[in-house]
Amino acid sequence: MLRIAIQAKGRLNEESVELLSDAGISIESSKRKLLARSEDFPVEILYLRDDDIPQAVSMGVADVGIVGYNEVAEKEFDVEIAHKLGFGKCRISLAIPKAEEYTGVAYFNGKRVATSYPVVLSRFFKEQKIEAEIHEIAGSVEIAPSVGMADAIFDIVSSGGTLVTNGLKEVEKVLFSEAVLIRHKGLAEEKQQILSQLMFRIEAVERSRGLKYMLLNLPDEKLPEAIAILPGMKSPTVLPLAQKGWSSMHVVVNEREMWSKIEQLKAIGAEDILVLSLEKMIL
Ligand code: PRT
Ligand code: ZN
């Protein structure tokens with residue numbers, strides 16, 4: 001049994017649940033408790049606040065966890081990053097009132113900076129040899145400058161909308177973050193095996209993202225040209241049609257180039273083009 005900690009509610013919850021569900025691990029949301037057992041895979045889901053996930057994994061209360069890299073960097077617990085998951089992307093940045101002139105990182109010497117990420121910030125200031133006052137506050141960091149509590153802030157930014165609303169501008173992007181799968185160091189053999197199975201499934205789901213499965217019919221003599229347009233994974237699958245002189249071709253294509261490929265294929269005489277979604281890709 002492998003115990004996976006995910007965020008109970010918040011920005012990472014939905015995508016964490018969806019990733020596990022795409023990997024064949026379904027948890028009944030109506031029966032959601034602190035701890036839930038998956039019916040179809042030997043895992044348990046532990047719902048926690050994101051702040052508590054790195055510690056839970058370092059202590060072995062959970063074997064693995066899905067959490068923002070920003071929390072891992074701030075909490076400094078001894079965990080291993082097993083995989084980057086590509087969602088929950090954001091950065092932790094320094095921001096100052098927009099009317100201020102920014103001359104470079106030395107600007108922060110002697111300034112008061114409000115943040116919920118004091119560890120990451122003091123590490124940055126130390127590297128940059130900046131002497132500043134760090135004020136740790138738990139929430140609503142973005143209002144600190146306007147109420148006179150701080151000269152600047154160090155906070156999470158994604159679209160930048162919150163900074164603009166609060167009359168601030170982003171001047172230094174210090175740490176880039178996304179959701180990561182972290183693991184306890186020294187997992188028992190049985191748990192490692194379940195984790196490898198889980199990783200195999202997650203990678204199959206990730207590989208299929210942005211890919212489509214395309215089927216089309218075309219005259220046999222056009223096959224070499226069509227294969228040059230759509231090389232496929234190894235090479236395309238080609239099957240004869242009941243109608244003599246015609247074949248059906250099946251191939252995996254990237255969604256980004258799908259329309260241009262369809263136009264090129266139509267131009268050489270392809271017909272009956274079907275595009276299907278691809279769920280998993282096992283190599
Ligand atoms: O209750 P719990 O402690 O579990 O949740 P939480 O409130 O601490 O965290 P939550 O759910 O807000 O965020 C969880 C994780 O999502 C963070 O640790 C980040 O890894 C990631 N993430 C991604 C973000 C954002 N994007 C984000 N935009 N976390 C917070 N924000 C905030 C940001 O602080 C800003 O105030 O959203 C606001 C809007 O951002 P803009 O730039 O889009 O306006
Ligand atoms: Zn939190």
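Residues numbered from 1 in each chain as written. Chains lettered and ligands numbered in written order. Predicted model: local features only at pLDDT ≥ 70, side-chain atom pairs only at ≥ 80, totals over all residues. Heavy atoms only, no water.

Novice: Would you mind showing me how to read the nonpolar core here?
Specialist: If you look at the biggest cluster of nonpolar residues, it comprises 26 residues, and the most contacted ones within it are Ile4 and Leu198. Of all the secondary-structure elements, those providing two or more residues to this core are β1 (2–7), α1 (13–22), β3 (43–48), β4 (64–68), β11 (179–183) and α6 (189–208). The greatest single-element share of this core, amounting to five residues, is contributed by α6. In this structure, Leu198 is in contact with Leu2, Ile4, Leu20, Ala23, Ile25 and Phe41, ignoring residues within four places of it in sequence. Core analysis: the second largest hydrophobic core is formed by 18 residues, Phe108, Val120, Phe124 and Ala152 among them. (Core = buried A, V, L, I, M, F, W, Y, C linked by side-chain atoms within 4.5 Å. Buried < 20%, exposed > 50% of the residue type's maximum accessible area, 1.4 Å probe, protein only. Helix = DSSP H or I, 4+ residues; strand = E, 2+ residues; numbered from the N terminus. Contact = heavy atoms within 4.5 Å.)

Novice: What exactly am I supposed to notice about the site of ligand 1 here?
Specialist: Taken together, 20 residues are adjacent to ligand 1, and Arg11, Asp51, Asn70, Ser159 and Thr162 come closest. In the environment of ligand 1, an oxygen atom lies 2.8 Å from a nitrogen or oxygen atom belonging to the side chain of Gln7. Thr162 places a polar side-chain atom, nitrogen or oxygen, 2.6 Å from an oxygen atom of ligand 1. In isolation ligand 1 exposes 830 Å². Once the protein is present, 77% of that is buried. Among the elements of the structure, β9 (152–157) and α5 (161–165) are those that each provide at least two residues to the shell around ligand 1. (Near = heavy atom within 4 Å. Polar contact = N/O pair within 3.5 Å; in protein donor to acceptor, adjacent residues only side chain to side chain. Areas by Shrake-Rupley, 256 points an atom, 1.4 Å probe, with all protein chains shown as cover.)

Novice: Explanation requested: the coordination of the zinc ion (ligand 2) in the structure shown.
Specialist: Think of it this way: four donors in a tetrahedron around the metal ideally sit 109.5 degrees apart, and six in an octahedron ideally sit 90 or 180 degrees apart. Protein ligation of the zinc ion (ligand 2) involves Asp50 (OD) and Asp51 (OD), the donor distances falling in the range 1.9 to 2.1 Å. Considering all four donor atoms around the zinc ion (ligand 2), the spread of angles at the metal, 73 to 177°, places the coordination shape in the irregular class. By relative accessible area, Asp51 is classed as partly exposed at 25%. (Donors = N, O, S within 2.8 Å, 3.2 Å for Na, K, Ca; no water. Tetrahedral: all angles 85-135°; square planar, octahedral: opposite > 155°, others 65-115°.)

Novice: Is there a simple way to explain the sheet that holds β4 in this structure?
Specialist: Across a sheet, strands are paired by hydrogen bonds formed along the backbone, either parallel or antiparallel in direction. Taking strand neighbours across the sheet as the criterion, the six strands line up as β2-β3-β1-β4-β11-β5 in an open arrangement whose pairing is mixed. Either end of the sheet is taken by a strand with one partner, and the two such strands are β2 (35–37) and β5 (80–84). Going across the sheet, the axis of each strand differs from the next one's by a mean of 30°, ignoring polarity. Bridge count between β4 and β11: five bridges; the pairing is antiparallel. Its bridge partner being in β11, Gly65 is matched across the sheet by Ile182. (Pairing = 2+ DSSP bridges. Axes fitted to C-alpha atoms, helices over the stretch in contact; angles between N-to-C directions.)

Novice: Hey, could you run me through the environment of Ser21 in this one?
Specialist: Of note, Ser21 is situated in helix α1. Sequence separation between Ser21 and Glu279 is 258 residues; the distance between their C-alpha atoms is 12 Å.

Novice: How do you make sense of the packing of aromatic side chains when you look at a structure like this?
Specialist: Aromatic ring pairs are reported here in terms of the distance separating the ring centres and the angle at which the planes meet. Here the structure, examined in full by the defined rule, presents five aromatic pairs. Measuring from centroid to centroid gives 5.9 Å for Tyr102 and Phe108, while their planes differ by 55°, and the two rings are tilted. Given a relative accessible area of 22%, Tyr102 falls into the partly exposed group. Ring geometry for Phe124 and Phe125: centres 6.1 Å apart, planes at 45°, overall tilted. Taken individually, Phe124 and Phe125 each receive the classification buried, so the pair is uniform in this respect. One aromatic cluster is present, built from ring pairs that chain together Tyr102, Tyr107, Phe108, Phe124 and Phe125. Sitting above the plane of the Tyr107 ring, Lys111 keeps its charged end 4.4 Å from the centroid. (Phe/Tyr/Trp six-rings, centres within 6.5 Å; stacked < 30°, edge-to-face > 60°. Lys NZ or Arg CZ within 6 Å of the ring centre and 35° of its normal.)

Purely geometric numbers; function is a separate question.
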